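Chains, contacts and geometry: an overview
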Amino acid sequence: MNHVLMVENEILINAPLTKVWDVLTNPEETRKYMYGCETVSDWKPGSPLLWRAEVEGKVTVFVKGTIVNIKPGHLLAYTTFDPNNPKIEDIPENYLTVTYRITEEDGQTRLVVTQGDYSKVADGEKRYNDTVQGGGWAAVLAEIKKVAETA
């Protein structure tokens with residue numbers, strides 16, 4: 001593939017930036033919108049980030065990655081990989097990067113999420129199409145908005 005394949009979604013949230021940041025990084029809050037998964041990290045560049053949940057009495061890691069960049073309240077970038085997909089080798093070249101950019105605008109918070117570059121990972125075009133056909137991040141952002149606005 002010669003072209004960049006990125007997914008980008010954004011949403012305006014009627015909550016302060018600090019509340020949105022908490023929803024994105026607090027395990028108790030992430031469980032409410034990320035299919036029951038909590039985040040596990042110390043939130044420092046280079047540190048692991050796990051998305052895990054308890055299923056049938058067993059804790060399972062659904063997504064793993066590493067914190068790439070963090071500016072609390074404004075920017076969070078991390079790599080992401082599904083360790084439960086046996087078809088894709090768990091090597092750095094197959095990890096995607098997710099970036100949250102957060103800004104305040106007229107009393108609201110704008111959250112922009114990008115994920116990619118799918119063109120650089122194994123089975124990238126299929127993974128990209130699956131994400132786009134699934135609505136990208138739209139459904140998750142709607143849930144983030146709901147959690148942040150219900151405080």
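Report follows, based on the coordinates. Only a predicted model underlies this, so the values are computations on that prediction, with no experimental measurement involved.

1. A word on the sheet that holds strand E2 (residues 38-40)
Pairing is antiparallel across the open sheet formed by seven strands, whose spatial order is E1-E7-E6-E5-E4-E3-E2. Two strands close off the open sheet at either side, each with one partner strand: strand E1 (6-13) and E2. Strand-to-strand, the axes of this sheet are offset by a mean angle of 25°, without reference to chain direction. The sheet strands contacting helix H1 (residues 17-25) are E1, E2, strand E4 (58-71), strand E5 (75-80), strand E6 (96-105) and strand E7 (108-116), and the helix crosses E6 at an angle near 160°.

2. Digging into unusual backbone geometry
Each neighbour pair has its own omega, and for Gly-116 with Asp-117 the value is -5°, a cis peptide bond. Among the structural elements, Asp-117 can be located in the loop between E7 and helix H3 (124-133). In this model, Glu-56 sits at a positive phi of 50°, which is unusual for a non-glycine residue. Relative to the assigned elements, Glu-56 resides in the loop between strand E3 (48-55) and E4. Its identity as a non-glycine residue notwithstanding, Asp-123 has a phi of 55°, on the positive side. Topologically, Asp-123 is positioned in the loop between E7 and H3. Classification of Asp-123 as partly exposed rests on a relative accessible area of 43%.

3. Notes on the packing of H1 against helix H4 (residues 138-149)
Here H1 crosses H4 at 120°, and the two axes come no closer than 9 Å. When the interaxial angle is binned, H1 and H4 end up oblique. Where H1 crosses over H4, the handedness of that crossing is right-handed. On H4, the residues touching Lys-19, Val-20, Val-23 and Leu-24 of H1 are Ile-144, Val-147 and Ala-148. Partitioned by chemical class, the residues of the contact of H1 with H4 number six nonpolar, no polar and one charged.

4. Examining H3
Those residues of H3 lying buried are Gly-124, Arg-127 and Tyr-128. Down the axis of H3, the buried side of the element spans an arc of 100°, and every buried residue falls inside it. The elements touched by buried residues of H3 are E1 and E6. Downstream of H3 by one or two residues, Gly-135 has phi in the positive range, about 95°.

Rules used throughout
- Residues numbered from 1 in each chain as written.
- Predicted model: local features only at pLDDT ≥ 70, side-chain atom pairs only at ≥ 80, totals over all residues.
- Heavy atoms only, no water.
- Pairing = 2+ DSSP bridges.
- Helix = DSSP H or I, 4+ residues; strand = E, 2+ residues; numbered from the N terminus.
- Axes fitted to C-alpha atoms, helices over the stretch in contact; angles between N-to-C directions.
- Contact = heavy atoms within 4.5 Å.
- Buried < 20%, exposed > 50% of the residue type's maximum accessible area, 1.4 Å probe, protein only.
- Parallel < 35°, antiparallel > 145°, perpendicular 65-115°, else oblique.
- Left-handed = near helix turned anticlockwise from the far one by under 90°.
- Nonpolar A, V, L, I, M, F, W, Y, C, P; charged D, E, K, R; others polar.
- Arc of directions from axis to C-beta.

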